[in-house]
Amino acid sequence: VFEPYMTLEEVSHGLKRGELIQGTLRINPKKYHEAFIPSPDDTWDIFLDGIVARNRALNGDSVVVQILPREQWKVVRSDTDCEGASESEIQRDHMAVKAQKKPEQLSRPDGTVEDQSSDQDELISKPRRVVYIEEKKHSRAATGFLKFLPDKRFAMFSPVDHRVPRINVPLTDCPQDFSSRPGDYTNTLFICRITNWAVDNNFAEGRLVKTLGQAGEIEPETEGILMEYEVDFSEFSDEVLDCLPKTLPWSIPPEEMRRRRDLRKECIFTIDPSTARDLDDALSCQQLPDGNFEVGVHIADVSYFVEEGNALDITASKRATSVYLVQKVIPMLPRLLCEELCSLNPLSDRLTFSVIWKITPEGKILSEWFGRSVIRSCVKLSYDHAQSMIEAPDKLFSAEELPPVDPEHPIDEIHQAVLNLHSIAKNLRAQRFSGGALRLDQMKLSFTLDKESMMPQGCYVYEYRDSNKLVEEFMLLANIATAHHIYKSFPELALLRCHPPPKTRLVDELQELCDQLGINVDLSSAGALNKSLNTILGNDEYSSARKEVLTHMCSRPMQMALYFCTGVVKDELHFKHYALNVPLYTHFTSPIRRYPDIIVHRLLASSLRCGPQLGLTTEQVQKQASHCNDRKTVSKRVQELSTDLYFGVFVKECGPLDSEAMVMGVLDQSFDVLILRYGVQKRIYCKNLEPDLNNFHHRKVGKTSELTLVWKPKDLDEPPVEQVIISFQILCESPDTHTDRQTLFRTEAGKLN
């Protein structure tokens, strides 16, 4: 079935001669026979067609691919290749690397046969394939279901993720009564790990790791997600916990107090989500006699407690990030640190790293100070509290309207500090965007949960308000300032965060598509795009919906922001952060939940000579940066899956739910929509619209796709009703005929899969 892998020596020679290329494998989640790796210059995608071409590599693996000489490349188009497609389905040409097999029929264990031939086999006559897996980044674990196979010593495991192969599992791994009562396990979710995948077998071999529980239930599904993506949710070991202070309640040692700037009498407070327990940033703002302000950003000094190289540090570096699920957090650090010793809880002395500026009301920085400090937060404000203060500048707030406040600081003093910060933040924000910054705001779905069962009781689109923007501006300012400071001090060792510009080819294609759709958008720079997105798209009730869809479309060509070590990237132009439009950026403000921030704190402490000698090399920093990039990607994906899971459970329990939707993209047999009430993207398959749908047909009009849906009339005496589906079209409900209503799509599992 598969070709043996090349030896490491053969791979090394092939790479030197240019016969082989390296890349990260991406498998289309909607069409698992399609896979891609980026071309060496990162302007094309190289298309690997079929499972055989992938040669047992899985999604995310770092692979080596054998490829034809450039003059023999041929262009193919994936049939998912339309606007609105996700991830690898973005509109682009793909260079085919096709594994040629003679048409043959492969037997499945269930007795059916599968035709492996393809109508595209003539594209490239010689077999080309993955020839080596450099790094198996996929966990090789998957959630799925077991199927009993009569007269076999193994069961068939079918992963939920179709990008993972089916797996033969020994019956000895299965539940004891599985062979006699397989029907009892039809809806039971298991997790399985691949142990081997032989060259002569369509199916992998594996072992069952755990029986998770009933499919569709939140806890079994959540555990499956965490295990599949190798998120460490185990309890911290005794060796790790031994690194924490033994004497509790802990107090700051007198000798440590003497080394720090004492800010405990200052009016300093936190602004966080109401449910937050890991408070790692605080703010202060004091008006000076000359009319300027002293503004401080104070960040939990996690590096004081996490000593470089000990068991706690090693575990944190492996976890690299806290993972935020809908119902809970998988912390990077033990809860004693996250929620107590490091968390900037009100009315408690806490160790911090501070950046303090003298700043004009217009946001011009006059001076800057970095250093280790001690603070005592006077109140824990939520975003709602801060927003109320911003919206009612003249109101006198009572103690009952706020959380407990330090009596040393009157409520009016805190209120005025919030108002001053808001005023400065507005100016900083205006300067950033006039200077060419970009923000791609996408709807974020949030849930209200039952406190006991943690089941979803409701869901809503999270509103990003002025109080959120206030905090964001000062965190950005602190991160940018820190980036410049550590790079100046350690030009070969600084850990920064870059954001590469979007790929030119994808931007050009998106521009062409928008032009054809009549959308006036300028993609020439981050600032130009931001200006376009803030121009009203129409003057009807759906203008904001159009902006949401356009924002989603513009997000697709964007690349991920990445951590890197400055000693590895020689060209400073590659340090730049595209979206923020700044030359240097890093992460300093969230060390409780991000490991890169801890490294940055150590660099900062060393530069200020207020910390231990650094034991880091350029190679070590780059290796950790790469690992943090991988875990950040995983964390984001797990968070998305958790949201999808909760939304699915909410719809199942409370649905069907009705909502208007706007078409985001049209494919040949389906179309993507943004459900406006919930900010959720879903793909609607035409085949799932039966029996209401008579038939459908697809056509290309330049770069755009159109689907014509032919609906069965309500009255059999009337002719069928045709409806053309195009991008930016609203799908909504009307009480009368199909002609006017365009069709109501309900968020049910069957319709929106």
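Residues numbered from 1 in each chain as written. Predicted model: local features only at pLDDT ≥ 70, side-chain atom pairs only at ≥ 80, totals over all residues. Heavy atoms only, no water.

**Concerning the pairing of strand β4 (residues 45-49)**
- Burial analysis of β4 places five of its five residues in the buried class, which makes it a mostly covered element.
- A two-sided burial pattern is seen for β4, the buried positions comprising Asp 45, Phe 47 and Asp 49 on one face and Ile 46 and Leu 48 on the other.
- With five bridges connecting them, strand β3 (residues 34-38) and β4 associate as antiparallel partners. Within the sheet, the bridge partner assigned to Ala 35 lies in β4 and is Leu 48.
- Following β3, the chain reverses through six residues before pairing antiparallel with β4; Asp 42 in that reversal takes a positive phi of roughly 65°. (Buried < 20%, exposed > 50% of the residue type's maximum accessible area, 1.4 Å probe, protein only. Helix = DSSP H or I, 4+ residues; strand = E, 2+ residues; numbered from the N terminus. Pairing = 2+ DSSP bridges.)

**A closer look at the sheet that holds strand β5 (residues 62-66)**
- What the three strands build is an open sheet, ordered β1-β5-β10; its pairing is antiparallel. With one partner strand each, in any of the chains shown, β1 (20-24) and β10 (130-135) form the two edges of the open sheet. Between one strand axis and the next, the sheet turns through 25° on average, direction left out of account.
- Inspection of the sheet shows β1 paired to β5 by five bridges, in the antiparallel sense. The partner of Gln 22 across the bridge, within β5, is Val 64.
- Seen against the sheet, helix α1 (residues 8-17) touches β1, β5 and β10 and runs at an angle of roughly 100° to β1. (Axes fitted to C-alpha atoms, helices over the stretch in contact; angles between N-to-C directions. Contact = heavy atoms within 4.5 Å.)

**Brief notes about the packing of helix α9 (residues 383-391) against helix α11 (residues 466-489)**
- Contact geometry for α9 and α11: axes closest at 8 Å, N-to-C directions at 105°. The angle between α9 and α11 falls in the class roughly perpendicular. Contacts between α9 and α11 involve Tyr 383, Ala 386, Gln 387 and Ile 390 from the first element and Asp 466, Ser 467, Asn 468, Leu 470 and Val 471 from the second. (Parallel < 35°, antiparallel > 145°, perpendicular 65-115°, else oblique.)

**Some points on the environment of Glu 690**
- When you line up the elements, Glu 690 lands in the loop between β31 (680-685) and β32 (693-701).
- Overall, the relative accessible area of 52% leaves Glu 690 in the exposed class.
- Sequence-wise, Glu 690 and Trp 711 are 21 residues apart; in three dimensions their C-alpha atoms are separated by 9.2 Å.

**Remarks on the pairing of β32**
- Pairing of β32 with strand β33 (residues 704-711), which is carried by eight bridges, proceeds in the antiparallel orientation. The residue bridging Asn 695 from the neighbouring strand is Val 710, located in β33.
- Between β32 and β33, which pair antiparallel and follow one another directly, the connecting turn spans two residues, one of which, Gly 702, has a positive phi of 65°.

**What to know about helix α10 (residues 411-434)**
- For α10, with 24 residues, the first-to-last C-alpha span of 35 Å sits near the 34 Å given by 1.5 Å per residue.
- Downstream of α10 by one or two residues, Gly 436 has phi in the positive range, about 110°. (Expected span 1.5 Å × (residues − 1).)

**A closer look at the side chain of Asn 420**
- Within the element layout of this structure, Asn 420 appears in helix α10.
- In this structure Asn 420 comes out as buried when scored by relative accessible area, which is 13%.
- If we ignore the near neighbours within four places in the chain, the residues touching Asn 420 are Cys 285 and Phe 293.

**Some points on the UniProt feature "binding site: Mg(2+)" (unreviewed entry) in the chain**
- The sites that carry the UniProt feature "binding site: Mg(2+)" (unreviewed entry) are, in the present numbering, Asp 272 and Asp 281.
- Of note, Asp 272 is situated in strand β17 (residues 268-272).
- For Asp 272, a relative accessible area of 7% gives the class buried.
- The contact partners of Asp 272, leaving out residues within four places of it in the chain, are Leu 279, Asp 281, Leu 381, Ser 382 and Tyr 383.
- Turning to its location among the elements, Asp 281 is positioned in strand β18 (residues 281-287).
- Owing to a relative accessible area of 10%, Asp 281 belongs among the buried residues under this scheme.
- When near neighbours in sequence (up to four residues on either side) are disregarded, Asp 281 contacts Thr 270, Ile 271, Asp 272, His 298, Ile 299, Leu 344, Val 471, Met 475 and Thr 589. (UniProt positions renumbered as here; feature names shortened; annotations may be inferred.)

**Topic: the pattern of salt bridges**
- For the structure shown, the criterion picks out 36 salt bridges.
- The residue Lys 328 makes a salt bridge to Glu 219 at a minimum N-O spacing of 3.6 Å. Separated by 109 residues along the polypeptide, Lys 328 in the loop between β20 (323-324) and β21 (329-330) and Glu 219 in helix α3 (residues 218-228) bring together distant segments of the chain.
- By relative accessible area, which is 33% here, Lys 328 ends up partly exposed.
- Of the residues examined, Glu 219 reaches a relative accessible area of 42% and is grouped as partly exposed.
- By sharing partners, the salt bridges in this structure join Arg 429, Arg 432, Arg 439, Asp 441, Glu 472 and Glu 473 into a single network. (Salt bridge = Lys/Arg side-chain N within 4 Å of Asp/Glu carboxyl O.)

**Observations regarding the side chain of Ser 635**
- Along the polypeptide, Ser 635 turns up in helix α16 (residues 618-654).
- A relative accessible area of 8% places Ser 635 in the buried class.
- In this structure, Ser 635 is in contact with Thr 321, Ser 322 and Val 323, ignoring residues within four places of it in sequence.

**Details of unusual backbone geometry**
- That bond from Leu 248 to Pro 249 is cis: its omega, 0°, falls within 30 degrees of zero.
- For Pro 249, the position within the fold is in the loop between α4 (238-241) and α5 (254-258).
- The omega angle of the peptide bond from Glu 690 to Pro 691 is 5°, so this bond is cis rather than trans.
- Here Pro 691 is to be found in the loop between β31 and β32.
- One non-glycine residue, Asp 151, lies in positive phi territory at about 65°.
- As for its placement among the helices and strands, Asp 151 is situated in the loop between β11 (141-147) and β12 (154-159).
- One non-glycine residue, Met 454, lies in positive phi territory at about 60°.
- Mapped onto the secondary structure, Met 454 falls in the loop between β25 (445-449) and β26 (456-461).

**Some details on the sheet that holds strand β24 (residues 380-382)**
- In spatial order, the strands read β16-β23-β22-β19-β18-β17-β24; together these seven strands make up an open sheet with mixed pairing. Each edge of the open sheet carries a strand with a single partner, namely β16 (261-262) and β24.
- Taken strand by strand, α10 contacts β17, β18, β19 (293-300), β22 (349-359) and β24, and its axis lies near 95° from that of β18.
- Each of β17, β18, β19, β22 and β23 (365-376) is contacted by α11, which is oriented at about 85° to β22, the strand it contacts most.

**Observations regarding the packing of aromatic side chains**
- Tallying each qualifying case throughout the model produces 13 aromatic pairs.
- Taking 6.1 Å as the distance between ring centres and 75° as the angle between the ring planes, the aromatic pair formed by Phe 148 and Phe 178 counts as edge-to-face. Residue Phe 148 is located in the loop between β11 and β12, and its partner Phe 178 is located in the loop between β13 (167-170) and β14 (188-196); the two are separated by 30 residues in the primary sequence.
- In this structure Phe 148 comes out as partly exposed when scored by relative accessible area, which is 28%.
- What makes Phe 178 buried here is its relative accessible area of 1%.
- Members of the aromatic cluster, each reached through a chain of ring pairs, are Phe 148, Phe 178, Tyr 185 and Phe 190.
- The ring of Trp 369 has Arg 261 sitting right over it, with the charged end atom 4.5 Å from the ring centre. (Phe/Tyr/Trp six-rings, centres within 6.5 Å; stacked < 30°, edge-to-face > 60°. Lys NZ or Arg CZ within 6 Å of the ring centre and 35° of its normal.)

**So, the nonpolar core**
- Phe 269, Leu 470 and Phe 474 are the most contacted members of the largest nonpolar core, which has 95 residues in total.
- Ranked by the residues each element gives to this core, the list is headed by α11, at 10 residues.
- In contact with Phe 269, not counting residues within four places along its chain, are Ala 282, Leu 283, Ser 377, Cys 378, Val 379, Leu 381, Ile 414, Ala 417, Val 418 and Leu 421.
- Listed in part, the 29 residues of the second largest apolar core include Tyr 646, Phe 650, Phe 671 and Val 673. (Core = buried A, V, L, I, M, F, W, Y, C linked by side-chain atoms within 4.5 Å.)

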